[in-house]
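Topology and contacts: notes
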Amino acid sequence: MDEAIFEQRVSLITLAVGDMQRAAAFYEALGWCRVESPDGVIAFDLIGQTLGLYSRAALAEETGLPEEALRGSGGMTLAYNVREKEDVATLLARAVGAGARLLKPAQDVFWGGHHGYFEDPDGHIWEVAHNPFSPLGPDGAFRWNGYG
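Below, the structure is looked at part by part. Everything numeric in this text was worked out from a predicted model, so none of it was measured.

**Observations regarding the overall build of the protein**
- A count of helical and extended segments in the protein gives three helices and seven strands.
- The linear arrangement of helices and strands in the protein, starting from the amino end, is β-α-β-β-α-β-α-β-β-β.
- C-alpha atoms of the protein, sized along the principal axes, occupy 50 × 45 × 30 Å.
- Counting over 148 residues, the protein shows a buried share of 34%.
- Contacts in the protein between residues far apart in sequence, at least 24 positions, make up 48% of those at least 6 positions apart.
- When the accessible surface of the protein is totalled, it reaches about 9300 Å², and 53% of it is carbon and sulfur.
- Separation of charge centres in the protein, based on 11 positive and 21 negative side chains, amounts to 7 Å.

Below, the structure written as structure tokens:
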């Protein structure tokens, strides 16, 4: 039998949230659509992955960690890349309008890109970025050095 390996992919990103319906409403206000899911999980299919919303209390019980250890993002950010530089400010404003807190407004970055940050209602940090060196694929998929 062959030894199993980790393929280079992420299948599911699960965010621990305090209020499932409030969190779902936030992502729906960004324009995302829920997919059918069993009770206790709210899911949004992405390109090649799924974003899951799961009760912070349930995830704490499942992992054996204290609930307070699952607040916010710790040392991690989630990134949403866009096709055009101008889209960064537009989408940051949409996130703020949906209930996010702006952490860093849209601005140029030393490496040649353009980005900004927001925090969702549960403390997860998102970056909205335009990376001219990594253009998105026709379906919106991201690869580090682009699809060019």
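**A look at the sheet that holds strand 5 (residues 101–108)**
- One open sheet holds the four strands; their spatial order is 4-7-6-5, and the pairing between them is mixed. Of all the strands in the sheet, the pair left with one neighbour each is strand 4 (78–81) and strand 5. For this sheet, the mean angle separating the axes of adjacent strands, direction not counted, is 15°.
- Across six bridges, strand 6 (residues 114–119) lies against strand 7 (residues 125–130) in antiparallel orientation. By the bridge assignment, Phe118 is partnered in strand 7 with Trp126.

**A word on the pattern of salt bridges**
- Scanning the model with the defined rule gives six salt bridges in all.
- Across the salt bridge formed by Glu7 and Arg9, the nearest N and O atoms sit 3.4 Å from each other.
- Of the residues examined, Arg9 reaches a relative accessible area of 55% and is grouped as exposed.
- The partner of Lys85 in a salt bridge is Asp108, with the nearest N and O atoms 3.0 Å apart. Here Lys85, found in the loop between strand 4 and helix 3 (86–97), pairs with Asp108, found in strand 5; they are 23 residues apart in sequence, far enough to count as distant.
- For Asp108, a relative accessible area of 51% puts it in the exposed group.
- A single salt-bridge network, built from bridges that share partners, covers Arg22, Arg56 and Asp122.

**Thoughts on the nonpolar core**
- If you look at the biggest cluster of nonpolar residues, it comprises 22 residues, and the most contacted ones within it are Leu15, Tyr27, Phe44, Leu51, Leu53, Phe118 and Trp126.
- Looking at this core, the elements that each hand over two or more residues are strand 1 (12–17), helix 1 (20–29), strand 2 (41–45), strand 3 (50–55), helix 3 and strand 7.
- When residues in this core are grouped by element, the largest group, five residues, is from helix 1.
- Not counting residues up to four positions away in its chain, the partners in contact with Phe118 are Phe26, Leu92, Ala95, Ala100, Arg101, Leu102, Leu103, His124, Ile125, Trp126 and Val128.

Parameters at a glance
- Throughout, a residue's number is its position along its own chain's written sequence, starting from 1.
- Given that this is a predicted model, residues contribute local features only at a pLDDT of at least 70 and side-chain atom pairs are listed and counted only at 80 or more, while totals for whole chains, interfaces and linings are drawn from all residues.
- The basis for every side-chain value is the complete set of non-hydrogen atoms in the structure, without hydrogens or water.
- Helix and strand definitions follow DSSP, with helices as H or I runs of at least four residues and strands as E runs of at least two, each counted in order from the N terminus.
- Each residue's exposure class comes from its accessible area (1.4 Å probe, protein chains only) as a fraction of the maximum for that residue type: buried when under 20%, exposed when over 50%, partly exposed otherwise.
- Only heavy atoms enter the contact rule, under which two residues are in contact if any of them lie within 4.5 Å.
- The Shrake-Rupley method, run with a 1.4 Å probe sphere, supplies the accessible areas, and residue values consider only the shown protein chains as cover.
- Charged residues are defined narrowly, with Lys and Arg counted positive, Asp and Glu counted negative, and His plus the chain ends left uncounted.
- Note that the charge is assigned to NZ on lysines, CZ on arginines, CG on aspartates and CD on glutamates.
- Two strands qualify as a pair provided DSSP detects at least 2 bridges between them.
- The axes used here are C-alpha line fits, helices contributing only the stretch in contact, and every angle between their N-to-C directions lies in the interval 0 to 180 degrees.
- By salt bridge we mean one thing: a side-chain nitrogen of Lys or Arg within 4 Å of a carboxyl oxygen of Asp or Glu.
- Side-chain atoms within 4.5 Å link the members of a nonpolar core, which is a set of buried Ala, Val, Leu, Ile, Met, Phe, Trp, Tyr and Cys residues.

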